[in-house]
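# Summary of structural features
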Protein chains: 2
Amino acid sequence: MSPGHSEGTDCPSTKVEETQACELRDLLDRLADKWSLLVVELLGERTHRFTELRRAIDDISQRMLTLTLRRLERDGLVHRTVHPVVPPRVDYELTPLGAALLDAVGPLVTWSRRHPGEIARARAAYDEQVA
Amino acid sequence: MSPGHSEGTDCPSTKVEETQACELRDLLDRLADKWSLLVVELLGERTHRFTELRRAIDDISQRMLTLTLRRLERDGLVHRTVHPVVPPRVDYELTPLGAALLDAVGPLVTWSRRHPGEIARARAAYDEQVA
DNA sequence: CAGCATCCTCCGCGATACTG
DNA sequence: CAGTATCGCGGAGGATGCTG
């Protein structure tokens, strides 16, 4: 893989000590890319195989699914099990850490369900006003 | 899939109905960029002026702060008050919606504080094994 | 089936300069 | 002070092709 490690642990000059933004930003950076959270949620339901995930998400490219899973694995959120059979079979599941994280995301999920389209509506209103 | 506009409301072909991923992804897309959450957290403490935010975050570019605030405003999370004085003064504060959202993020913040560096450690372990 | 490698495009974002 | 306008690069990520 490319050596472009821009590991977020550096925690730059943001002076927001009170909010301890560093940890949080790392976390967000991990979850906030286009697919990670989706994958974590699916794995929260049950173990999935590679292709299952691929089909469940459907418009994810194979490359991005691989990358996403590798990153999640690397960060200790997802566990990867290779079954030495032919054809190959690989299972992905949440680690305890991953499950805990998913729990922490729960309220956010709930919130988004409770406020369906509120952001979208505000957006539409704003746009209309501008137009 | 048509790239079209970046408006998330289209909620494409992701078949993850159970997780209602669309809303959530919209939400994440809004929060997950480099600065939004940081801004929302600061505004959660109190109202800030433009330059206050700029100094609090410090390594945000002026352009990105403007863009971030505009997007948050557009999405109904932040309210912008222009005081017609010289020199100009603009205050930013959370809307009720924004405050509610911040609450929903709370557990995530707490979690990240409770697991300091756990992800970073897993990452280091993983990298060592690979190397 | 579950990947890795390569190429290429698009746009996020920083740097810089100008304004009411 | 609080923006807007323009330029340019770097990296995220899609498409495609090859492998064990």
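Shown above is the structure to which this text applies.
The present account deals with the structure reproduced in this document. (Residues numbered from 1 in each chain as written. Chains lettered and ligands numbered in written order. Predicted model: local features only at pLDDT ≥ 70, side-chain atom pairs only at ≥ 80, totals over all residues. Heavy atoms only, no water.)

### Points about the overall build of chain A
Regarding its fold elements, chain A presents 6 helices and 3 strands. In chain A, the succession of α and β elements from N to C terminus is α-α-β-α-α-β-β-α-α. Burial status across chain A gives 44% buried among its 131 residues. Restricting to contacts in chain A with at least 6 residues of sequence separation, those with at least 24 account for 43%. Surface summary for chain A: the accessible area is close to 7,100 Å², and the carbon and sulfur share equals 54%. (Helix = DSSP H or I, 4+ residues; strand = E, 2+ residues; numbered from the N terminus. Buried < 20%, exposed > 50% of the residue type's maximum accessible area, 1.4 Å probe, protein only. Contact = heavy atoms within 4.5 Å. Areas by Shrake-Rupley, 256 points an atom, 1.4 Å probe, with all protein chains shown as cover.)

### What to know about the pattern of salt bridges
Going through the model one piece at a time under the given rule, you end up with 12 salt bridges over all chains. The partner of A:R30 in a salt bridge is A:D75, and the shortest N-O contact between them spans 2.3 Å. One end of the pair, A:R30, is in helix α1 (residues 21-31); the other, A:D75, is in the loop between α4 (62-74) and β2 (78-83), and 45 residues separate them in sequence. Judged by relative accessible area, which is 9%, A:R30 ranks as buried. By relative accessible area, which is 0% here, A:D75 ends up buried. We note a salt bridge from B:D91 to B:R89, for which the minimum N-O separation is 3.4 Å. (Salt bridge = Lys/Arg side-chain N within 4 Å of Asp/Glu carboxyl O.)

### Remarks on the protein's contact with DNA strand D
In the region of DNA strand D, 21 residues are neighbours, and A:M64, B:T51, B:Q62, B:R80 and B:Y92 sit closest. Atoms of DNA strand D within 4 Å of the protein: sugar and phosphate make up 60%, bases the balance. A distance of 3.0 Å separates a phosphate oxygen of DNA strand D from a polar atom in the side chain of B:R70. At 3.3 Å from a sugar or linking oxygen of DNA strand D is found a main-chain nitrogen or oxygen belonging to B:P88. Counting only elements with at least two residues in the surface near DNA strand D, the list comes to α4 of chain A together with α3 (50-57), α4 (62-74) and β3 (89-94) of chain B. The residue inventory of the surface near DNA strand D, partitioned by class, reads 8 nonpolar, 5 polar and 8 charged. (Near = heavy atom within 4 Å. Polar contact = N/O pair within 3.5 Å; in protein donor to acceptor, adjacent residues only side chain to side chain. Nonpolar A, V, L, I, M, F, W, Y, C, P; charged D, E, K, R; others polar.)

### Focus on the side chain of B:T95
Residue and element names in this part refer to chain B. Following the sequence through the fold, T95 ends up in the loop between β3 and α5 (96-114). Of the polar contacts made by the side chain of T95, one reaches the backbone oxygen of G76; its length is 2.6 Å. Other than its neighbours up to four places away in sequence, T95 contacts G76, L77, V78 and H79.

### Re the protein's contact with DNA strand C
Contacts to DNA strand C come from 19 residues, most closely from A:T51, A:Q62, A:R80, A:Y92 and B:M64. Among all atoms of DNA strand C positioned within 4 Å of the protein, those belonging to sugar or phosphate total 62%. Contact distances for DNA strand C include 3.4 Å between a sugar or linking oxygen and a backbone N or O atom of A:P88. Those elements that place two or more of their residues in the surface near DNA strand C are α3 (50-57), α4 and β3 (89-94) of chain A together with α4 of chain B. Take the surface near DNA strand C: its biggest share by element is 4 residues, from α4(A). Residues of the surface near DNA strand C, tallied by class, amount to 8 nonpolar, 5 polar and 6 charged.

### Here's the deal with unusual backbone geometry
Residues and elements named next belong to chain A. Backbone torsion omega between V86 and P87 reads -5 degrees, so that peptide bond is classified as cis. Within the fold, P87 resides in the loop between β2 and β3. The phi dihedral of D58 falls on the positive side, at around 75 degrees, and the residue is not glycine. The topology assignment puts D58 in the loop between α3 and α4.

### Some points on the sheet that holds strand β1 (residues 48-49) of chain B
Residues and elements named next belong to chain B. With antiparallel pairing, 3 strands are arranged side by side in an open sheet as β1-β3-β2. Of all strands in the sheet, those with a lone pairing partner are β1 and β2 (78-83), marking the two edges. Of the pairings in the sheet, the one linking β1 to β3 comprises 2 bridges and is antiparallel in character. Residue pairing in the sheet places H48 in a bridge with Y92 of β3. Taken strand by strand, α4 contacts β2 and β3, and its axis lies near 115 degrees from that of β2. (Pairing = 2+ DSSP bridges. Axes fitted to C-alpha atoms, helices over the stretch in contact; angles between N-to-C directions.)

### Section: the sheet that holds β2(A)
Residue and element names in this part refer to chain A. Taken in spatial order, the 3 strands of this open sheet run β1-β3-β2, and their pairing is antiparallel. Each edge of the open sheet carries a strand with a single partner, namely β1 (48-49) and β2. In this sheet, β3 lies alongside β2 in antiparallel orientation, the contact comprising 6 bridges. In the strand pairing of β3, H83 is matched with R89. Relative to β3, helix α2 (residues 36-45) is tilted by about 95 degrees, and along the sheet it contacts β1, β2 and β3. Packed on one face of the sheet, α4 meets β2 and β3 and runs near 115 degrees to β2.

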